[in-house]
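Analysis of the macromolecular model
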Amino acid sequence: MSSSLSGRTVLVTGATAGIGYETARQLAQRGAVVLLHGRTAEEAQAAADRLVTTEGIDSALLRPLAADFVRLEEVENLAHAVVREHPRLDVLVNNAAIAAPERHTLTVDGNEIAFQVNFLAHYLLTNLLEPALTSAPGGRVVNVSSSLHRTAAIQWSDPNRERRYSRLAAYAQSQLALTVFASDPRVTAVSVHPGVCDTGLLPLYGNEGASAAEGAQHVVRLCDPATEIVNGAYYDRSERVAPAAVATEDRTIKRLNKLADLLVGHTA
């Protein structure tokens, strides 16, 4: 598990806390250059400083970056900055996530907030990073998903859940979309349920959780080029299992791309 990742560049979204922070720590400890994304420049810088002071990580391996995923314009700016400054990106870890709020909430872009932060922002980011994401062996996208995707349905006619809203259904829908997106043939991607961990999302699952560091290990393993992956594969912690049947259907993948292109304003 401890093979060196030096010479590899990995972007981790939502890297200021929880599994994202632990993933960034473990990747940097193994020598990877980590682009550490946070909601604000202050949060990203604080997380980088904490890794240097408390974990002894070499600051040269950390690049703090900011974008608030409730604004798709900030996601675009982030992608353009990465492509400009890191034209070779080995791995993208789509980890940033919020628990859907109690009340139905729309972003300035007009999308239900959990669907946008957890899925649409990552969909847009992944597509815009395509020029930088290496096609060399080992290049990949790792979507941090959730076993809750199994309980979900994508409301095609009402993805923003204007008519019937429940925070659990909204969160689960965002995780199903992320899992479906891993099967998109345009990118080499997998998704992983890191286990129920003691992070900000724990209340959605119950009260008992493993440590974020443990959850992060399952993510980091999939970032390692030594771990061979199959496009669209889904992992429950370290074990490859079948995702919900709908997640690998061609029709669903095409339909989701169409919907996502529409909602992020990039109509093909």
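Rules and cut-offs
- Residues numbered from 1 in each chain as written.
- Predicted model: local features only at pLDDT ≥ 70, side-chain atom pairs only at ≥ 80, totals over all residues.
- Heavy atoms only, no water.
- Helix = DSSP H or I, 4+ residues; strand = E, 2+ residues; numbered from the N terminus.
- Rg over C-alpha atoms; globule rule 2.2 N^0.38 Å.
- Buried < 20%, exposed > 50% of the residue type's maximum accessible area, 1.4 Å probe, protein only.
- Contact = heavy atoms within 4.5 Å.
- Areas by Shrake-Rupley, 256 points an atom, 1.4 Å probe, with all protein chains shown as cover.
- Lys, Arg positive; Asp, Glu negative; His and termini not counted.
- Charge placed at Lys NZ, Arg CZ, Asp CG, Glu CD.
- Pairing = 2+ DSSP bridges.
- Axes fitted to C-alpha atoms, helices over the stretch in contact; angles between N-to-C directions.
- Right-handed = clockwise from strand over helix to strand, strands pointing away.
- Core = buried A, V, L, I, M, F, W, Y, C linked by side-chain atoms within 4.5 Å.
- 1 Å grid on protein atoms, 1.4 Å probe; cavity = no way out; pocket = protein on both sides within 12 Å on 5 of 7 lines; lining within 4 Å.
- Points joined across faces, edges and corners; volume = space filled by probe spheres on them.
- Nonpolar A, V, L, I, M, F, W, Y, C, P; charged D, E, K, R; others polar.
- Polar contact = N/O pair within 3.5 Å; in protein donor to acceptor, adjacent residues only side chain to side chain.

This part takes up the overall build of the protein chain. From N to C terminus, the protein chain includes 7 helices and 8 strands. Scaling as 2.2 N^0.38, a compact globule of 268 residues should have a C-alpha radius of gyration of about 18 Å, and the protein chain matches this with 17 Å. With the C-alpha coordinates aligned to their principal axes, the bounding extent of the protein chain is approximately 50 × 40 × 35 Å. Buried positions account for 56% of the 268 residues belonging to the protein chain. Considering only contacts within the protein chain whose residues lie at least 6 apart along the sequence, 76% involve residues at least 24 apart. Put simply, the protein chain shows about 11400 Å² of open surface, and 49% of that area lies on carbon and sulfur atoms. Treating the 24 positive side-chain charges of the protein chain as one cloud and the 29 negative ones as another, the clouds have centres 5 Å apart.

If you walk across this open sheet you meet the 8 strands as 3-2-1-4-5-6-7-8, and the pairing is mixed. At either margin of the open sheet sits one strand with a lone partner, and together these are strand 3 (62–66) and strand 8 (239–241). For this sheet, the mean inter-axis angle between neighbouring strands, taken without regard to orientation, is 25 degrees. As defined by bridge partners, strand 6 (residues 189–193) adjoins strand 7 (residues 234–236) across 3 bridges and the pair is classed as parallel. Following the sheet pairing, His193 is matched in strand 7 by Asp236. The strands touched by helix 2 (residues 41–55) within the sheet are strand 2 (33–38) and strand 3, with strand 3 carrying the most contacts at an inclination of about 160 degrees. Packed on one face of the sheet, helix 6 (residues 212–223) meets strand 4 (91–94), strand 5 (140–144), strand 6 and strand 7 and runs near 165 degrees to strand 5.

The sheet contact formed by strand 2 and strand 3 spans 5 bridges and is parallel. By the bridge assignment, Leu36 is partnered in strand 3 with Pro64. Chirality of the crossover, the property in question, places the unit of strand 2, helix 2 and strand 3 among those that are right-handed.

Another point: the nonpolar core. Grouped together as the largest cluster of nonpolar side chains are 54 residues, with contacts concentrated most on Leu11, Phe69, Val82, Leu89, Phe119, Leu125 and Leu129. Within the residue set of this core, elements represented by two or more residues are strand 2, helix 3 (72–85), helix 4 (113–128), helix 5 (167–181) and helix 7 (250–263). In terms of residue count, the dominant contributor to this core is helix 4 (11 residues). With residues near it in sequence (within four places) discarded, Leu89 still touches Thr9, Val10, Leu11, Leu35, Val82, Leu129, Ala132, Leu133 and Thr134. Core analysis: the next-biggest nonpolar cluster, separate from the first, contains 33 residues, Ile57, Ala212, Cys223 and Tyr235 among them.

What follows deals with the layout of surface pockets. Where empty space is left becomes clear once a probe the size of a water molecule has been rolled over the atoms. In this model, the largest pocket occupies a volume close to 660 Å³. Along the walls of the largest pocket sit 34 residues, with Gly14, Asn95, Ala96, Ala97 and Ile98 positioned nearest its centre. Only helix 1 (18–29), strand 2 and helix 5 provide two or more residues apiece to the lining of the largest pocket. A per-class count over the lining of the largest pocket returns 17 nonpolar, 14 polar and 3 charged.

What follows covers the environment of Val246. Topologically, Val246 is positioned in the loop between strand 8 and helix 7. Taking C-alpha positions, Val246 is 9.7 Å from Thr179, a pair spaced 67 residues apart along the chain.

With that settled, consider the side chain of Asn160. Within the element layout of this structure, Asn160 appears in the loop between strand 5 and helix 5. The class of Asn160 is buried, set by a relative accessible area of 10%. Within the structure, the side chain of Asn160 is placed 3.1 Å from the backbone oxygen of Gly110, a separation counted as a polar contact. From its side chain, Asn160 meets the backbone nitrogen of Glu112 in a polar contact 2.8 Å long.

The element strand 5 is largely enclosed, with a buried count of 5 among its 5 residues. Taking every second residue as pointing to the same face, both faces of strand 5 are buried, with Arg140, Val142 and Val144 on one and Val141 and Asn143 on the other. Of the strand pairs in this sheet, strand 4 and strand 5 are connected by 4 bridges, and their pairing is parallel. If you follow Val91 over to strand 5, its bridge partner there is Arg140. Taking the sense of rotation as the criterion, the β-α-β connection linking strand 4, helix 4 and strand 5 turns out right-handed.

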